[in-house]
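A structural walkthrough
So the chains spell out like this:
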Amino acid sequence: MKVVILAGGLGTRLAEETTIRPKPMVEIGGKPVLWHIMKSYSAHGLHDFIICLGYKGYLIKEYFANYFLHSSDVTFDIANNRMQVHQKEVEPWRVTLVNTGEDTSTGGRLRRVRDYVGEEDFCFTYGDGLSDVDIARLIAFHRAHGKVATVTAVQPPGRFGMLGMDGTSITSFLEKPAGDGAWINGGYFVLSPRAFDYIDGDDTVWEREPLERLARDQQLSGFLHHGFWQPMDTLRDRNLLESLWDSGQAPWKIW
């Protein structure tokens with residue numbers, strides 16, 4: 001099964017990092033967050049990736065073009081213009097990098113890689129969020145219900161402390177409680193190729209009309225994920241992920 005990853009957005013809320021590189025190339029533990037996402041899929045046996053490029057996409061191309069070099073010990077014989085590789089670390093990946101436009105919307109980016117996907121079901125996710133979702137169970141769930149699309153549904157934690165109030169008196173204080181119980185789009189989709197029929201063009205936002213129509217047609221199911229899920233939308237989010245990695249207990253590290 002192929003994995004399509006969106007990696008073309010501007011990442012304006014993480015401008016401290018994204019003025020010089022696309023958001024999926026922002027590093028956690030010295031590796032791009034895109035690498036962490038791919039490692040998670042690879043740990044479940046999915047090694048064939050299609051990356052939707054846009055903003056500063058050439059940096060992602062250069063990263064993979066030089067991946068072998070950066071992951072190995074080498075000697076450069078400058079006088080004879082030779083390179084000797086001493087130690088190799090090779091991922092079992094096949095990576096297709098597709099220019100999907102600077103200003104193309106999320107649905108449009110997905111539509112532009114249709115020819116690379118083929119006629120089989122495929123995975124689809126965002127290039128800026130990490131999770132410990134059981135991808136094998138997610139795929140099995142999708143195949144069992146037989147609908148066009150499955151989205152991983154998550155419940156994000158609350159970001160602020162909650163005050164219990166009685167007039168002006170505080171009766172309770174709970175620091176960063178669980179969210180309000182709502183399930184939200186956590187990415188980590190599994191899709192049938194029929195999903196492309198719900199995308200009109202480059203301006204189509206995947207999270208609007210396509211998903212709304214799929215829901216109305218009863219062709220969208222939610223895989224409930226109760227474990228770790230964290231987007232990387234802001235510098236605060238990036239620092240949180242970095243601290244988890246540095247602690248040696250990053251929940252998404254299953255490899």
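These notes cover the structure that comes with them. (Residues numbered from 1 in each chain as written. Predicted model: local features only at pLDDT ≥ 70, side-chain atom pairs only at ≥ 80, totals over all residues. Heavy atoms only, no water.)

1. Concerning the overall build of the protein
Using the following cut-off: Think of it this way: any DSSP run of H or I at least four residues long counts as a helix, any run of E at least two long counts as a strand, and we number them from the N terminus. Think of it in three bands: with a 1.4 Å probe and only protein chains considered, a residue is buried below 20% of the maximum accessible area for its type, exposed above 50%, and partly exposed in between. For accessible areas, the Shrake-Rupley method is used with a probe of radius 1.4 Å. Any residue's cover is judged against the shown protein chains and nothing else.
When helices and strands are tallied, the protein shows nine helices and 16 strands. Counting over 255 residues, the protein shows a buried share of 45%. When the accessible surface of the protein is totalled, it reaches about 13,300 Å², and 49% of it is carbon and sulfur.

2. Let's talk about helix 7 (residues 135-145)
Here is the rule we go by: The directions considered for the arc are those from the helix axis to the C-beta atoms. Contacts are assigned to residue pairs with any non-hydrogen atoms lying within 4.5 Å of each other. Polar contact is defined as a pair of N or O atoms within 3.5 Å, subject to the rule that within protein one atom must be able to donate a hydrogen and the other to accept it, and that residues adjacent in sequence are counted only when both atoms are side-chain atoms.
Listing the buried residues of helix 7 in full gives Ile135, Leu138, Ile139 and His142. Seen from one end, helix 7 has its buried residues packed into an arc of 95 degrees, which puts them on one side. For helix 7, the exposed residues set more than 90 degrees away from the buried face come down to Arg137 and Ala144. Buried residues in helix 7 make contact with helix 2 (33-43), strand 8 (122-126), strand 10 (149-154), strand 14 (189-191) and strand 15 (220-224). Between the side-chain oxygen of the N-cap and the backbone nitrogen of alanine 136 there are 3.3 Å, and the N-cap of helix 7 in question is aspartate 134. Two residues or fewer after helix 7 comes glycine 146, characterised by a positive phi angle close to 75 degrees.

3. Observations concerning the pattern of salt bridges
To keep it simple, the criterion reads: One side-chain nitrogen of Lys or Arg within 4 Å of one carboxyl oxygen of Asp or Glu is enough to make a salt bridge.
Under the criterion given, the structure shown has nine salt bridges. One salt bridge in this structure joins lysine 23 and aspartate 233, with 3.6 Å as the shortest N-O distance. Highlighted residues: lysine 23 in the loop between helix 1 (15-18) and strand 2 (27-28) and aspartate 233 in the loop between strand 16 (229-231) and helix 9 (235-246), separated in sequence by 210 residues. Here lysine 23 and aspartate 233 have matching classes, each one buried. For the salt bridge of arginine 208 with glutamate 212, the shortest nitrogen-to-oxygen distance reads 3.5 Å. A relative accessible area of 53% places arginine 208 in the exposed class. For glutamate 212, a relative accessible area of 38% corresponds to the partly exposed category. Within this structure, Lys23, Asp128 and Asp233 form a network of salt bridges that share partners.

4. Side note on the nonpolar core
What counts is decided by this rule: Working definition of a nonpolar core: buried Ala, Val, Leu, Ile, Met, Phe, Trp, Tyr and Cys residues. They are joined through side-chain atoms within 4.5 Å.
Judged by nonpolar contacts, the single largest core of 37 residues is most densely connected at Ile5, Met38, Tyr41, Phe49, Ile51 and Trp252. Going through the elements one at a time, strand 1 (2-7), helix 2, strand 4 (48-53), helix 3 (57-65), helix 7 and helix 9 are the ones with two or more residues in this core. Examining the composition of this core, we find that six residues originate from one element, helix 2, more than from any other. Dropping the residues within four chain positions of it, isoleucine 51 is found in contact with Ile5, Ala7, Leu34, Met38, Val95, Thr96, Leu97 and Val98.

5. Let's talk about unusual backbone geometry
Phi at asparagine 81 takes a positive value of approximately 55 degrees, unusual for a residue other than glycine. For asparagine 81, the position within the fold is in the loop between strand 5 (73-77) and strand 6 (82-87).

6. Considerations on the environment of arginine 94
Structurally, arginine 94 can be placed in strand 7 (residues 94-99). On the basis of relative accessible area, arginine 94 is assigned to the exposed category, the value being 53%. Distance from arginine 94 to lysine 2, taken between C-alpha atoms, is 9.6 Å for residues 92 residues apart in sequence. Once you skip the residues sitting within four places of it in the chain, arginine 94 turns out to touch His47, Asp48 and Phe49.

7. Some details on the packing of aromatic side chains
Selection rule: Within 6.5 Å between ring centres, the rings of Phe, Tyr and Trp (the latter by its six-membered ring) count as paired, and their orientation is classed by plane angle as stacked under 30 degrees, edge-to-face over 60, tilted in between. Charge-over-ring contacts are defined here by two conditions on Lys NZ or Arg CZ: a distance within 6 Å of the ring centre and an angle within 35 degrees of the ring normal.
A full pass over the atoms with the stated rule returns 16 aromatic pairs. Measuring from ring centre to ring centre gives 5.8 Å for tyrosine 41 and tyrosine 188, while their planes differ by 20 degrees; the resulting arrangement is stacked. With tyrosine 41 in helix 2 and tyrosine 188 in the loop between strand 13 (184-185) and strand 14, the pair connects residues that are 147 residues apart, well separated along the chain. Exposure class is identical for tyrosine 41 and tyrosine 188. Each is buried. Clustering of aromatic rings is evident, with ring pairs tying together Trp35, Phe228, Trp245, Trp252 and Trp255. Above the ring of tryptophan 35, the side-chain terminus of lysine 31 is found at 5.3 Å from the ring centroid.

8. Some points on helix 2
Burial analysis of helix 2 places ten of its eleven residues in the buried class, which makes it a mostly covered element. Within the sequence span of helix 2, burial applies to Val33, Leu34, Trp35, His36, Ile37, Met38, Lys39, Ser40, Tyr41 and Ser42. A positive backbone phi angle near 90 degrees is found at glycine 45, which sits one or two residues after helix 2.

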